[in-house]
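Descriptive structure summary
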Amino acid sequence: MTQTSITRSWVASANGHIDFPLQNLPLGVFSIDGGAPRSGVAIGDHIFDLEAALDAGLFEGTAKVAAEATRGGQLNAFFQAGPEARVALRERLLQLLSEGSTLHGKIEAQGAKLLPLAANCVMHLPAKISDYTDFYVGIEHAQNVGKLFRPDNPLLPNYKYVPIGYHGRASTIRPSGTDVRRPKGQTLPAGQTEPVFGPCARLDYELELGIWIGQGNEMGDSIAIGDAANHIAGFCLLNDWSARDIQAWEYQPLGPFLSKSFITSISPWVVTAEALEPFRRAQPARPQGDPQPLPYLLDPRDQAAGAFNIELEVLLLTEAMREQNLPAHRLTLSNTRHMYWTVAQMVAHHSVNGCQLQAGDLFGSGTLSGPESGQFGSLLEITEGGKKPIELASGEVRKFLEDGDEIILRARCNREGFASIGFGECRGKVLPAR
Ligand code: MN
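Conventions we followed
Along every chain, residues carry numbers that run from 1 in the direction the sequence is written. Note on the predicted model: pLDDT of at least 70 is required for a residue's local features to be given, and 80 or more for side-chain atom pairs to be given and counted; whole-chain, interface and lining totals, by contrast, use all residues. Excluding hydrogens and water, the side-chain values take into account all heavy atoms of the structure. Strand pairing is assigned whenever DSSP detects at least two bridges linking the two strands. A run of H or I in DSSP becomes a helix once it reaches four residues, and a run of E becomes a strand once it reaches two; helices and strands are each numbered from the N terminus. To define axes, lines are fitted to C-alpha atoms, for helices over the stretch in contact only, and angles between the resulting N-to-C directions are given on a 0 to 180 degree scale. Using a 1.4 Å probe on the protein chains alone, a residue whose accessible area is under 20% of its type maximum counts as buried, one over 50% counts as exposed, and one in between counts as partly exposed. What fixes the domain bounds is an automatic or database domain assignment. Any pair of residues with heavy atoms lying within 4.5 Å of one another is described as a contacting pair. Here's the idea: put two parts together, see how much 1.4 Å probe accessible area each one loses, and the total over both is what we call buried area. By salt bridge we mean one thing: a side-chain nitrogen of Lys or Arg within 4 Å of a carboxyl oxygen of Asp or Glu. Pairs of N or O atoms are called polar contacts if they sit within 3.5 Å, as long as, within protein, a hydrogen donor faces a hydrogen acceptor (for residues adjacent in sequence, only side-chain-to-side-chain pairs). Only Asp, Glu, Lys and Arg are considered charged, only Ala, Val, Leu, Ile, Met, Phe, Trp, Tyr, Cys and Pro nonpolar, and every remaining residue, Gly among them, polar. Coordinating N, O and S atoms are those within 2.8 Å of the metal (3.2 Å for Na, K and Ca), and as water is not part of the atoms, a site may appear to have fewer donors than expected.

Some thoughts on the sheet that holds strand β6 (residues 165–167)
- Reading across from one edge, β6-β5-β20-β12-β13-β15-β7 is the order of the 7 strands in this open sheet, with mixed pairing throughout. In this open sheet, the two strands that pair with only one neighbour each are β6 and β7 (173–175). Averaged over all pairs of adjacent strands, the angle between strand axes in this sheet comes to 30°, irrespective of strand direction.
- In terms of strand pairing, strand β5 (residues 132–135) meets strand β20 (residues 362–364) through 3 bridges, oriented parallel. Residue pairing for β20: Thr133 is matched across the bridge by Phe363.

Quick look at helix α10 (residues 343–351)
- Counting buried positions along α10 yields 9 of 9 residues, so the element is predominantly enclosed.
- Those residues of α10 not exposed but buried are Val343, Ala344, Gln345, Met346, Val347, Ala348, His349, His350 and Ser351.

Brief notes about the domain arrangement of the chain
- As assigned here, the chain comprises domain 1 (3–124) and domain 2 (132–431).
- With 28 residues of domain 1 at the contact, the number on the domain 2 side is 30 residues.
- Where domain 1 abuts domain 2, roughly 2200 Å² becomes buried across the two surfaces, and 62% of that area is made up of carbon and sulfur atoms.
- The tally of links from domain 1 across to domain 2 stands at 1 salt bridge.
- One can count 10 residue pairs in polar contact (both at pLDDT 80 or more) joining domain 1 with domain 2.
- At the level of secondary structure, the elements contributing two or more residues to the side of domain 1 that touches domain 2 comprise β1 (27–32), β2 (38–43), α3 (76–97) and β4 (121–124).
- Per element, the largest residue contribution to the side of domain 1 that touches domain 2 is 9 residues, and it comes from α3.
- A class-by-class count of the residues in the side of domain 1 that touches domain 2 yields 14 nonpolar, 11 polar and 3 charged.

Focus on the sheet that holds β1
- Pairing is antiparallel in the open sheet, where 4 strands are placed in the order β3-β2-β1-β4. For this open sheet the edge positions go to β3 (46–49) and β4, each flanked by a neighbour on one side alone. Across the sheet, the axes of successive neighbouring strands diverge by a mean angle of 55°, strand direction being ignored.
- Summarising the sheet, β1 and β2 pair through 4 bridges and their orientation is antiparallel. Residue pairing for β2: Val29 is matched across the bridge by Ser39.
- Helix-sheet contacts for α3 involve β1, β2 and β3, and the interaxial angle to β3 is about 115°.

Looking at the pairing of β5
- With burial as the criterion, each face of β5 is covered, one bearing Tyr132 and Asp134 and the other bearing Thr133 and Phe135.
- Pairing of β5 with β6, which is carried by 3 bridges, proceeds in the antiparallel orientation. Within β6, the residue paired with Asp134 across the bridge is Tyr166.

Observations regarding the coordination of the manganese ion
- On the protein side, the manganese ion has Asp134 (OD), Glu206 (OE), Glu208 (OE) and Asp240 (OD) as donor atoms, found 2.1 to 2.3 Å from it.
- In the primary sequence, the donor residues of the manganese ion line up as D-x71-E-x1-E-x31-D. One end of the pair, Asp134, is in strand β5; the other, Asp240, is in the loop between β13 (232–239) and β14 (242–243), and 106 residues separate them in sequence. No difference in accessibility class separates Asp134 from Asp240, as the two residues are buried.

Laid out in structure tokens, this is it:
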């Protein structure tokens, strides 16, 4: 069943839905009325409850095995089950939820038991995350930030050979809607030689794509570049909240530490590779003079279709803007095409030394800025480290985030002749330091 052969759902709100039409069917974990977290699929303004659907006998065969793997309020076993299980579940969901489904009446008769309104549900993390790795593949961001520190030499010599990354902190990853407590730490005031301790004064966001790992590898084995896409379960939005003043003092020689680990926010829906299939594209050709990737990172199929055309957006809503009923201010409009390395290259590189990846591990892409103003994926770049404040319609100015500020990430895929799909939101509001 192709994307184009089925276009409409009998769930009316799905048709033309900004994020979740029938063609998307992202998976997530939700709860309702304080009940236990359970897995579901976003469809229009509703969530199709997979556990209730299993109990109602709506699945059989491979699709049933796949749906059973989503039980228990986390999707790790489903991620581990791999692409065949995921595709079987998707095919069955397309049957059940498309216009003309013979089971339309049976499902609708169960009302909110099978299809609760998403607005009545609380979203949770979709999986237990054992490990989180943040990459640095947004080359425009790497150049913009590099320029602030090294005007003549923005990119270090390893950048075009190594998909740069660092091990992040899995324990403080939270779903969209979780408040962001301003962190405290050591910073070095300008012109001083001794650090001071206190609340972060340069709090920032980072616009990133999140990558959910599916089937992992045994320790000592590697995932080949040609097989890497089979080890990715899906995608989300990721805000790598960053304390720039803490980061500037701590980052050498081993990289970010406490400046990143106080919280990382993600959008709760796992958008699958199948849903993103129409929005794949060739990895952009490397500029003249750039080295070819080493063979373990180079696969013709990955180069031909391993990148994505996903439009990424960041919005800011301050306390004053909320009080004055002003619309959110767009800070960033960017795209995943600014990734110098593909997601498959990230998986192949991460495991090439024998490091074990596990189902439910999460990767961040790194900040995905574009080259132009209006496309920068962090305030560090937009305000050039605080030198060029932003003016807002409320009359306020911002160099970095203030208490009460809310950052909203969104993503959308558009292509002529195909239904547009979105990722839902990744929101977080800054609370004062405690
Ligand atoms: Mn980051």
